Amino acid sequence: MTDNAPTARRYAPMSFDARGQPLFHWRLTPTALCDPVILLVPPAAILPVIFIPGIMGSNLKSAPDAGEAGEPVWRLDAGLAGKPLGLFKRWSDEYAGTRQTVLHPKRVAVDPDGAVPARGAGSVIEPPGESAAQRKDAVIARYRERGWGEVSESSYHAFLLWLEDTLNSAYLPHQWPAFQLKSMHLDMPDNGSPHPILKPGLDVPLAGLGERLLRELPHLKTDELSARAAYRMPVHAFGYNWLEDNEDAAAKLAVRINEIRRQYGGNCQQVILVTHSMGGLVARRCAQLPGMADVIAGVMHGAMPTNGAPVAYRRCKVGMQQESAMAGAVIGRTGKEVTAVFAQAPGALQLLPTKRYALGWLRLRDQHYAPAMPARPEADPYAEIYLRRDRWWALLREEWLAPEEGTPIEWVDYAGNIREAKRFHEKIGGAYHPNTYVYYGADDKQPSFETITWQMHPGRGYPERPLGVPPDAFVVSTMQMVDVRDEGSSPLYVGGGRAEHAARLRGEWPTQPMEVSHWELHCSMQDGSGDGTVPVSSGKAPAMQAREGQVRAQVGVTGFDHEGAFGVVQTRHFTLYSLIKIAAQAKRPLCAA
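Calculation criteria
- Residues numbered from 1 in each chain as written.
- Predicted model: local features only at pLDDT ≥ 70, side-chain atom pairs only at ≥ 80, totals over all residues.
- Heavy atoms only, no water.
- Helix = DSSP H or I, 4+ residues; strand = E, 2+ residues; numbered from the N terminus.
- Buried < 20%, exposed > 50% of the residue type's maximum accessible area, 1.4 Å probe, protein only.
- Contact = heavy atoms within 4.5 Å.
- Areas by Shrake-Rupley, 256 points an atom, 1.4 Å probe, with all protein chains shown as cover.
- Lys, Arg positive; Asp, Glu negative; His and termini not counted.
- Charge placed at Lys NZ, Arg CZ, Asp CG, Glu CD.
- Disulfide = S-S within 2.5 Å.
- Pairing = 2+ DSSP bridges.
- Axes fitted to C-alpha atoms, helices over the stretch in contact; angles between N-to-C directions.
- Phe/Tyr/Trp six-rings, centres within 6.5 Å; stacked < 30°, edge-to-face > 60°.
- Lys NZ or Arg CZ within 6 Å of the ring centre and 35° of its normal.
- Parallel < 35°, antiparallel > 145°, perpendicular 65-115°, else oblique.
- Left-handed = near helix turned anticlockwise from the far one by under 90°.
- Nonpolar A, V, L, I, M, F, W, Y, C, P; charged D, E, K, R; others polar.
- Salt bridge = Lys/Arg side-chain N within 4 Å of Asp/Glu carboxyl O.
- Expected span 1.5 Å × (residues − 1).
- Arc of directions from axis to C-beta.
- Polar contact = N/O pair within 3.5 Å; in protein donor to acceptor, adjacent residues only side chain to side chain.

- Per an unreviewed UniProt entry, the protein goes by GPI inositol-deacylase PGAP1-like alpha/beta domain-containing protein and derives from Achromobacter kerstersii.

Notes on the overall build of the protein
Okay, step 1: Per the secondary structure count, the protein includes 19 helices and 28 strands.
Okay, step 2: In terms of overall dimensions, the protein has C-alpha extents of about 110 × 55 × 50 Å along its principal axes.
Okay, step 3: Evaluated residue by residue, the protein yields a buried proportion of 54% over its 593 residues.
Okay, step 4: Across the protein, the fraction of contacts at a sequence separation of at least 24, relative to all contacts at a separation of at least 6, is 74%.
Okay, step 5: As displayed, the protein offers around 25,700 Å² of accessible surface, 53% of which is attributable to carbon and sulfur atoms.
Okay, step 6: Computed over 63 positive and 64 negative side-chain charges, the separation of the two mean positions in the protein equals 4 Å.

So, the state of the cysteines
Okay, step 1: Scanning the entire structure with this criterion turns up zero disulfides.
Okay, step 2: Just so you know, C286 is unpaired, no disulfide at all, and the nearest cysteine sulfur is the one on C268, 14 Å from it.

Quick notes on the sheet that holds strand β9 (residues 108–110)
Okay, step 1: Pairing within the open sheet is antiparallel, and its three strands lie in the order β8-β7-β9. Since the sheet does not close on itself, it has two edges, and those belong to β8 (72–74) and β9, each with one partner. The sheet shows a mean angle of 45 degrees between the axes of neighbouring strands, direction not considered.

Side note on unusual backbone geometry
Okay, step 1: Here R376 and P377 are connected by a cis peptide whose omega angle stands at -5 degrees.
Okay, step 2: Mapped onto the elements, P377 comes out in the loop between β18 (362–365) and α14 (381–386).
Okay, step 3: Phi at M56 is positive, roughly 70 degrees, even though this residue is not glycine.

Details of the sheet that holds β18
Okay, step 1: In spatial order, the strands read β18-β21-β26-β23-β22; together these five strands make up an open sheet with mixed pairing. The outermost strands of the open sheet, each flanked by one partner alone, are β18 and β22 (484–485).
Okay, step 2: Where helix α10 (residues 311–318) meets the sheet, it contacts β18, β21 (452–458), β23 (492–494) and β26 (519–523), and its direction lies at approximately 40 degrees from that of β21.

Notes on the packing of aromatic side chains
Okay, step 1: Under the defined criterion, the tally for this structure stands at 18 aromatic pairs.
Okay, step 2: Measuring from centroid to centroid gives 6.1 Å for F238 and Y240, while their planes differ by 15 degrees, and the two rings are stacked.
Okay, step 3: By way of ring pairs, the aromatic residues F51, Y156, F159, W162, Y439, F560, F566, F574 and Y577 are connected into one cluster.
Okay, step 4: The ring of W91 has R90 lying over it, and the distance from NZ or CZ to the ring centre is 4.1 Å.
Okay, step 5: The side chain of R284 reaches across the aromatic face of Y432, ending 4.1 Å from its centre.

Observations regarding the packing of helix α4 (residues 153–168) against helix α19 (residues 569–585)
Helix-helix packing is described using two parameters, namely the angle between the two axes and the distance between the axes.
Okay, step 1: Running from N to C, α4 and α19 cross one another at 45 degrees; their axes reach a closest spacing of 11 Å. Classified by the angle their axes make, α4 and α19 are oblique. Here α4 and α19 pass one another in a crossing that is right-handed. Of α19, the residues touching α4 (which contributes A158, F159, W162, L163, T166 and L167) are R572, H573, T575, L576 and L579.
Okay, step 2: Looking at the contact of α4 with α19, its residues break down into seven nonpolar, three polar and one charged.

Regarding the pattern of salt bridges
Okay, step 1: Scanning the entire structure with this criterion turns up 25 salt bridges.
Okay, step 2: In this structure, the salt-bridge partner of R75 is D111, at a minimum N-O distance of 2.7 Å. Of the two residues, R75 sits in the loop between β8 and α1 (85–91) while D111 sits in the loop between β9 and α3 (132–145), which places them 36 residues apart along the sequence.
Okay, step 3: Taking relative accessible area as the criterion, R75 reaches 23% and is therefore assigned partly exposed.
Okay, step 4: For the salt bridge of K427 with E247, the shortest nitrogen-to-oxygen distance reads 3.5 Å.

Considering α3
Okay, step 1: Along its 14 residues, α3 runs 20 Å from first to last C-alpha, staying within 8% of the 20 Å computed at 1.5 Å per residue.
Okay, step 2: Taken together, the buried positions of α3 are V139, R142 and Y143. The arc enclosing the buried residues of α3, seen along the axis, measures out at 100 degrees, which places them on a common side.
Okay, step 3: One or two steps after α3, the chain reaches G147, where phi turns positive at roughly 85 degrees.

Describing the side chain of S517
Okay, step 1: By the secondary structure assignment, S517 is in the loop between β25 (511–516) and β26.
Okay, step 2: Given a relative accessible area of 2%, S517 falls into the buried group.
Okay, step 3: A polar atom in the side chain of S517 sits 3.2 Å from the backbone oxygen of W519.
Okay, step 4: Setting aside residues no more than four positions away along its own chain, S517 makes contact with G459, R460, L467, R485, Y493, V494, G495 and G496.

So this is what it looks like as structure tokens:
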């Protein structure tokens, strides 16, 4: 070696192509530089991770017409403070009729052109290029190829970047900072390699799980870390039309899984699914499709509404204004606005409580807080609540199917969507992939609706205009839709009507409208713990429903709301824990045999 040789080892820069093949880049050097250039070759085997978002977490556009690309109608790009302000501006002032016309499952498609990161992470590496702009474009193109533009930037991209970086920035276990391996775990190999190897059979705690989960969960083993190190695990995302039947989404997920496997060729035998919320239902159905359980190495479910959630009923009745003014402006402030979309959307209706949800979740209480009717459902929520047309507490007011300036649907179409929801619920039943991991929200500070209670309160009236004897609680419980005044917000009113009321204000007596009634029917707020959307009973149901051994680990976690389920340290590290466990048992492709 000459005196001009560099003193440090020289490594060739590397990037990956779309098929996951490593590309090494090196410029020719003067002949005086004759020291070797080292190529750090990553593992050949590829085990992709596919993230499946929850309802409303995929970007949608108007269904493309001939020669047209379609316009974004539900774009979740992050704006100021990381919030989807563009979505808020798009929908905050829209009427129920506009929502119904635009957000129809047959009039929208997945929009792949949402925002994607402009910086590299993990296996998304900037290739050498002529300019910074070209390198940036190459990174953006790689994220788009992986489907990241299909899912909400504001809800998910920070997690996806963390996951991509954690899984693919280094492929030697002693370089993984999450595990803080000590000398007791490591041996130097006999082959002269400068990199230590892991001793077999030792426990490796994952500190990010926190003290409680570290006590509850079996520790990872050094053997599992070594097995996981045999794979690259590129992170993909799968957006789906959350308005249409989740049966369709499951079939499209199966197609995407096989496309990804073909993309990586013989180096890829299986994939791992990571799901959020309703995405878990899509994944469970996909795993039931012919051949899919074999090509899915395992599934990690986060915040899954396993048996549905009563809040879906509540939003169809009184909207979201009481839960969150910001979210209500987007999803629907009133029951009229929510129903205009949900009634025509089988996917949304599949979030309603199923037959497996605890019976009696819908209740009416009289003014003394005593039961005023038998708690519903007694056996079948579809017949007793969702398809009922003769009681005010049933799911749907038929006139809301035809909002002003909307594109109305008929009751028969709505009923067909409920039957689709029932069929889908029955198909997934208690079925889970045989290698399943689950976490759910169990936080008292994130109250959720375990039940829905309508509470009767005496209404307001005028002494000079008596309303007569109010109907008793039993009569109220049997009233038809037409007997109860309902504008899609809480409370509803029994008897009376709207009147003008004079109130002193700054020396004057202006009149203001007020509701005069025998009774006010208030829809009570949250009554259980959870994540603000999915109650504990539904979130923790997998371990009770699945056949023995299918759910390998299930934990309750605090400190997050439903949308931010992957935004905290514990849930991220439980995801990492699950992926390592799954990867350790995955099928090895021939290149890794």
